[in-house]
Amino acid sequence: MNDLLIAEDDEDIAAVLALMLQKTAMPISWVADGVAALETIVASPPAVLLTDIGMPGMGGWELIWAVRGHEHLAEIPIVVLTGYPWNVHTGAVEHGACAVLLKPCPGRELTDIVESLAARGSHAHCPTSTICLDPSNFSV
Ligand SMILES: [Zn+2]
């Protein structure tokens, strides 16, 4: 139950992320699109979901909305990792993301945020809060 699920359609990026996140000591699973991610989450809810936005089929926002709208899955901590700066807007938290990171993201920042969210655990995600993380938990 303390595992991290990575939804990322680029296998090379997923491999780099998995390598960076080894420091968290969390078991890591990887899926290549939103549909596979949702199936995995329903079968076995991860401690933290790290998702890309642009993926074939079901993209990251659709995945996040599906998770947030699900009665048993809505409280999973979610980190968005995207290569498109236009996805980083004040509405990201409103749309269900606990944190938004831009590619390429330094490994330290990524690890700190994933660990902070794993430590916080399931929470009633508040769409109107400016940030889900307690900034004192990490040093970025
Ligand atoms: Zn949240």
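Treat the numbers as computed from the prediction; the structure is a model and nothing was measured. (Residues numbered from 1 in each chain as written. Predicted model: local features only at pLDDT ≥ 70, side-chain atom pairs only at ≥ 80, totals over all residues. Heavy atoms only, no water.)

## A word on helix α5 (residues 107–120)
Thought 1: Taking 1.5 Å of rise per residue, the 14 residues of α5 would be expected to cover 20 Å, and the 20 Å separating its terminal C-alpha atoms lies within 8% of that figure.
Thought 2: For α5, the complete set of buried residues consists of Gly 107, Leu 110, Thr 111, Asp 112, Ile 113, Val 114, Ser 116 and Leu 117.
Thought 3: Where the residues of α5 are buried, they touch β1 (4–7), α1 (11–20), β3 (48–51), β4 (78–82) and β5 (99–102).
Thought 4: The positive-phi residue at the C-terminal boundary of α5 is Gly 121, with phi of around 75°. (Helix = DSSP H or I, 4+ residues; strand = E, 2+ residues; numbered from the N terminus. Expected span 1.5 Å × (residues − 1). Buried < 20%, exposed > 50% of the residue type's maximum accessible area, 1.4 Å probe, protein only. Contact = heavy atoms within 4.5 Å.)

## Focus: the UniProt feature "modified residue: 4-aspartylphosphate" (unreviewed entry) in the protein chain
Thought 1: Look at the UniProt record and you will see "modified residue: 4-aspartylphosphate" (unreviewed entry) annotated at Asp 52.
Thought 2: Inspection of the secondary structure puts Asp 52 in the loop between β3 and α3 (60–68).
Thought 3: For Asp 52, the contacting residues outside a window of four places in its chain are Ala 7, Glu 8, Asp 9, Gly 60, Leu 81, Thr 82 and Lys 103. (UniProt positions renumbered as here; feature names shortened; annotations may be inferred.)

## Let's talk about the pairing of β3
Thought 1: On β3, burial covers both faces: Val 48 and Leu 50 on one face and Leu 49 and Thr 51 on the other are all buried.
Thought 2: Examined bridge by bridge, β1 and β3 share 4 bridges and lie parallel to one another. Residue pairing across strands places Leu 4 opposite Val 48, the latter belonging to β3.
Thought 3: Of the pairings in the sheet, the one linking β3 to β4 comprises 3 bridges and is parallel in character. Note on β4: the bridge partner recorded for Leu 50 is Val 79.
Thought 4: Tracing the backbone out of β3, into α3 and back to the parallel element β4 gives a crossover that is right-handed. (Pairing = 2+ DSSP bridges. Right-handed = clockwise from strand over helix to strand, strands pointing away.)

## Concerning the sheet that holds strand β2 (residues 28–31)
Thought 1: One open sheet holds the 5 strands; their spatial order is β2-β1-β3-β4-β5, and the pairing between them is parallel. Strand pairing shows two members of the sheet lacking a second neighbour, β2 and β5, which therefore form its edges. Strand-to-strand twist in this sheet, taken as the mean axis angle between neighbours without regard to direction, amounts to 20°.
Thought 2: Strands β1, β2 and β3 of the sheet are contacted by helix α2 (residues 34–43), whose axis makes an angle of about 165° with β1. (Axes fitted to C-alpha atoms, helices over the stretch in contact; angles between N-to-C directions.)

## Description of the pairing of β1
Along a regular strand, successive side chains alternate from one face of the sheet to the other.
Thought 1: Neither face of β1 is open: one carries Leu 4 and Ile 6, the other Leu 5 and Ala 7, and all of them are buried.
Thought 2: Two elements, β1 and β2, share 4 bridges in a ladder whose sense is parallel. Of the residues in β2, the one forming a bridge with Leu 4 is Ile 28.
Thought 3: Taken together, β1, α1 and β2 form a β-α-β motif whose crossover is right-handed.

## Topic: unusual backbone geometry
Thought 1: In the segment running from Lys 103 into Pro 104, the intervening peptide bond is cis, with an omega of -5°.
Thought 2: Even without glycine at this site, Ala 25 takes up a positive phi of about 65°.
Thought 3: In this structure, Ala 25 sits in the loop between α1 and β2.
Thought 4: With a relative accessible area of 67%, Ala 25 lands in the exposed category.

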